[in-house]
Every structure is written in C-alpha cells, then in structure tokens.
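Below, each chain spelled out in residue letters.
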Amino acid sequence: RSLVVVHFWAPWAPQCAQMNEVMAALAKEHTQVTFVKLEAEAVPEVSEKYGISSVPTFLFFKNSQKVDRLDGAHAPELTKKVQRYVSSSSVSAGSNDSTKEDLNVRLKKLINAAPCMLFMKGSPKEPRCGFSKQMVEILNKHGISFSSFDIFSDEEVRQGLKTYSNWPTYPQLYVAGELIGGLDIIKELEASGELDTVCPKAQKLEDRLKILINKAPVMLFMKGSKQMAKCGFSKQIIEIINSTGVDYETFDILEDEEVRQGLKTYSNWPTYPQLYVKGELVGGLDIVKELRESGELLPILKGEN
C-alpha cells in the first residue's frame with residue numbers, strides 16, 4: 001500500500017546519475033517509500049506501455065495504480081511529490097473518507113488559486129490537446145487573465161476534479177471558484193458576448209509594473225530573494241542595502257518572465273538588479289556602489305534626496 005517511485009533512466013545520460021543521487025537521499029529520508037531504477041532501453045515493452053519517451057522520467061504508483069509522473073531532472077519537484085504522497089498516506093492511512101476529504105480540500109485550493117483558473121492538458125504555451133489549445137486561444141483573444149493547471153502532471157487531480165465538479169471532460173474553466181464549463185460553453189459565451197463580463201480581464205503590463213514598482217517605498221527587482229540571492233550582483237546589492245538598515249521589499253524576476261522582460265523596456269535599463277525608491281529608478285549595482293561611496297545612498301533610500 002506504500003508509495004513506489006520508479007525511475008526510468010539511461011546510463012549515458014548524466015542528468016539520470018544526478019537524479020539517482022537525489023533518489024538515494026530521498027530513500028534514506030522516506031524509508032516507507034520504495035524507490036526502483038529501471039533502465040528504459042532495457043525494458044522497451046514497459047517503457048512503451050507507460051509512454052516513456054525521454055529520460056529521466058519518474059512514475060509514482062500507489063496500491064498498484066499509477067497516480068503521477070514527472071518528466072525531466074527536476075529534483076525539487078521530485079522531492080515535493082514524494083513528500084506530498086507520503087504526507088497524504090500518513091494522514092489518511094486506511095481511511096478512504098479522509099483521503100477523499102484531503103483531495104477535496106486540495107481541489108478547492110487549486111480552483112481558488114487565481115480569480116480565473118483553467119484546468120487543461122499541457123500549458124498555455126504548449127497545449128497538449130486540440131480542445132485545450134482552442135480554449136487558450138479564446139481566452140487570450142479576449143485579453144482574459146487566467147492561471148492554469150496541467151492535469152497531466154497530477155493523476156489524482158485529473159480524476160478527482162471530474163467527480164468534484166461533476167464534469168467528465170477537460171478543459172474546465174473556473175471563475176471565482178465556480179465552474180463555468182468546458183470548451184463548448186466558452187464558445188457559446190463568446191458568441192453571445194457574455195464571456196467578457198464573466199471572466200476577469202488581464203491587467204495591462206504597464207499598469208502591473210507601476211503597481212509593483214510602488215509596492216514599497218524601496219523596491220529591489222533581483223534574481224532570487226532577500227533570503228537567497230541567485231546571482232552575484234543581486235547578492236552584493238542586498239548586502240549593501242542591508243548595511244544601511246533601511247527596510248525594503250524584493251521581487252524575484254526569475255519567477256515572472258513577463259515582468260523580467262517588460263521592466264527592462266519600461267525603465268530603459270537592460271540588466272538586473274534594479275533598485276527603485278518611491279517609484280523612481282535609482283539604478284543597478286554600479287550606481288548603488290557609487291552612491292554608497294559618495295555618502296548619498298542612505299538619504300536616497302530614506303527618500304530625503
């Protein structure tokens with residue numbers, strides 16, 4: 001009844017060797033989980049049965065049923081999935097009712113994760129079925145702001161949501177936590193002109209950037225966060241700002257490609273980090289270093305200059 005994680009690997013792929021190390025570490029931490037390595041090319045029938053087209057690929061089995069898969073060398077995602085299944089097992093061991101309850105709580109959170117949520121096959125950039133592709137095209141055409149969830153990434157969600165919403169097919173569109181329907185319904189709403197009133201419009205990028213820049217009196221757009229900078233320049237600028245004792249907020253540009261590219265154009269500044277005070281661009285690391293040396297940095301950060 002415990003979780004079984006099967007790693008389809010190949011000896012010629014260095015990323016597989018890395019993921020084997022990750023698996024070994026997870027096996028020590030989660031002794032109740034069974035970890036298995038299968039050389040994909042040595043078991044072609046099994047690989048074909050489960051649609052293994054690249055390595056590394058991980059399949060997750062519970063009670064002899066495939067419940068999830070992960071394609072690629074994503075150590076954090078593998079760790080997260082293992083932890084999730086282990087915790088759901090321990091919470092609901094031997095109780096189908098509590099399993100259902102846990103899943104329903106999770107589904108409710110996912111449905112309410114954004115004002116407009118699309119459950120689809122694939123992602124908006126790479127839809128993996130014609131219906132999902134058409135749905136994304138309609139939403140984009142109308143400038144509708146939406147987040148999405150790839151049902152191929154989680155078999156538990158894929159099956160559970162059909163029952164939860166009493167809707168047997170995908171894609172499924174939710175607004176404010178309520179099911180609107182599938183592709184046919186959305187096409188009808190588009191034809192009647194109601195779609196624009198039902199779904200929230202995307203915020204213009206320029207408006208969004210203005211709001212982000214003014215989110216705090218001192219805003220730093222960087223790679224990573226205050227706690228963990230993800231490049232040397234960002235690390236240096238944080239150390240300098242921290243030494244002033246001035247309070248500031250950060251935005252991780254690695255988390256949002258739209259902001260990362262858009263802010264370069266908006267501020268006419270091609271690199272990161274970028275420091276803003278009261279909505280005005282101060283500059284990058286070199287400027288901040290110059291201001292520190294001239295003694296001007298603290299007054300600027302305090303808004304006195």
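Residues numbered from 1 in each chain as written. Predicted model: local features only at pLDDT ≥ 70, side-chain atom pairs only at ≥ 80, totals over all residues. Heavy atoms only, no water.

The chain goes by Glutaredoxin-3 in an unreviewed UniProt entry, where it is assigned to Uria aalge. One UniProt comment on the chain, placed under Subcellular location (unreviewed entry), says "Cytoplasm, Cytosol". (UniProt positions renumbered as here; feature names shortened; annotations may be inferred.)

Undergrad: Would you mind going over the pattern of salt bridges with me for this structure?
TA: Proximity of charged atoms lets side chains of opposite charge pair with each other. Considering all chains together, one arrives at 15 salt bridges under this definition. We note a salt bridge from Glu 137 to Lys 133, for which the minimum N-O separation is 3.1 Å. Of the two residues, Glu 137 and Lys 133 are both situated in helix 5 (residues 130-141); the distance of four residues between them amounts to about one turn of the helix. Between Arg 260 and Glu 257 there is a salt bridge, with its nearest N and O atoms 3.9 Å apart. Remark: Glu 257 and Arg 260 occur in helix 11 (residues 257-267); sequence separation between them is three residues, near one turn of the helix. (Salt bridge = Lys/Arg side-chain N within 4 Å of Asp/Glu carboxyl O. Helix = DSSP H or I, 4+ residues; strand = E, 2+ residues; numbered from the N terminus.)

Undergrad: Can you help me understand the packing of helix 10 (residues 232-244) against helix 12 (residues 285-294) in this one?
TA: Packed helices, taken two at a time, are described by the angle between their axes plus the distance between the axes. Two elements in contact, helix 10 and helix 12, have axes separated by 10 Å at closest approach and are oriented at 25°. When the axes of helix 10 and helix 12 are compared, the pair comes out roughly parallel. Classified by chirality, the crossing of helix 12 by helix 10 is left-handed. Residue-level contacts link Phe 233, Gln 236, Ile 237 and Ile 240 of helix 10 to Leu 285, Val 288, Lys 289 and Arg 292 of helix 12. Taken together, the residues of the contact of helix 10 with helix 12 sort by class into five nonpolar, one polar and two charged. (Axes fitted to C-alpha atoms, helices over the stretch in contact; angles between N-to-C directions. Parallel < 35°, antiparallel > 145°, perpendicular 65-115°, else oblique. Left-handed = near helix turned anticlockwise from the far one by under 90°. Contact = heavy atoms within 4.5 Å. Nonpolar A, V, L, I, M, F, W, Y, C, P; charged D, E, K, R; others polar.)

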